[in-house]
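# Chain and residue survey
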Amino acid sequence: QVQLVESGGGSVQPGGSLRLSCTASERTFAPRAMGWFRQAPGKEREFVASTSWLGRQSEHADSVKGRFTISRDTKNTVYLQMNTLKPEDTAIYYCAVRPGIYSDASSSSTDYTYWGPGTQVTVSP
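Worth saying up front: this structure is predicted, and the values here are computed from it rather than measured. (Residues numbered from 1 in each chain as written. Predicted model: local features only at pLDDT ≥ 70, side-chain atom pairs only at ≥ 80, totals over all residues. Heavy atoms only, no water.)

Glancing now at the sheet that holds strand E1 (residues 3-7). With antiparallel pairing, four strands are arranged side by side in an open sheet as E1-E3-E8-E7. The open sheet terminates on both sides in strands that have one partner only, identified here as E1 and strand E7 (68-72). Ignoring strand direction, the axes of neighbouring strands in this sheet form an average angle of 15°. Bridge count between E7 and strand E8 (residues 77-82): five bridges; the pairing is antiparallel. Among the inter-strand pairings, Phe68 is bridged to a residue of E8, identified as Met82. (Pairing = 2+ DSSP bridges. Helix = DSSP H or I, 4+ residues; strand = E, 2+ residues; numbered from the N terminus. Axes fitted to C-alpha atoms, helices over the stretch in contact; angles between N-to-C directions.)

The next subject is the side chain of Ser21. Structurally, Ser21 is set in strand E3 (residues 18-25). Leaving out residues up to four positions away in the same chain, Ser21 has contacts with Val5, Glu6, Ser7, Trp36, Val78 and Tyr79. (Contact = heavy atoms within 4.5 Å.)

Below is the structure:
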């Protein structure tokens, strides 16, 4: 069982920056791909970014390319650096982990088994 805890959400003005963090906890560490998704009010959950088990492969949604960057440490923490935030980035952001060891990055939410509770990001003047 993998438990995830996100942090770093908050309120920011348009054009501002935030950095989200997510740490995965499990009895025995296993290298897995990790990702970020988000869900805005009244909308479906959507892919934001993903990184492979070693961090050498990453994917970003077109809507965030050039503004958001996913990264990870050598073990179990993934980050999402969000710059030039826009009001449409307002959402609950979820961290997720794929079940397979040595897994690749993926933009499909169905490839992820473990999910964090989410952290709110609000972008408004």
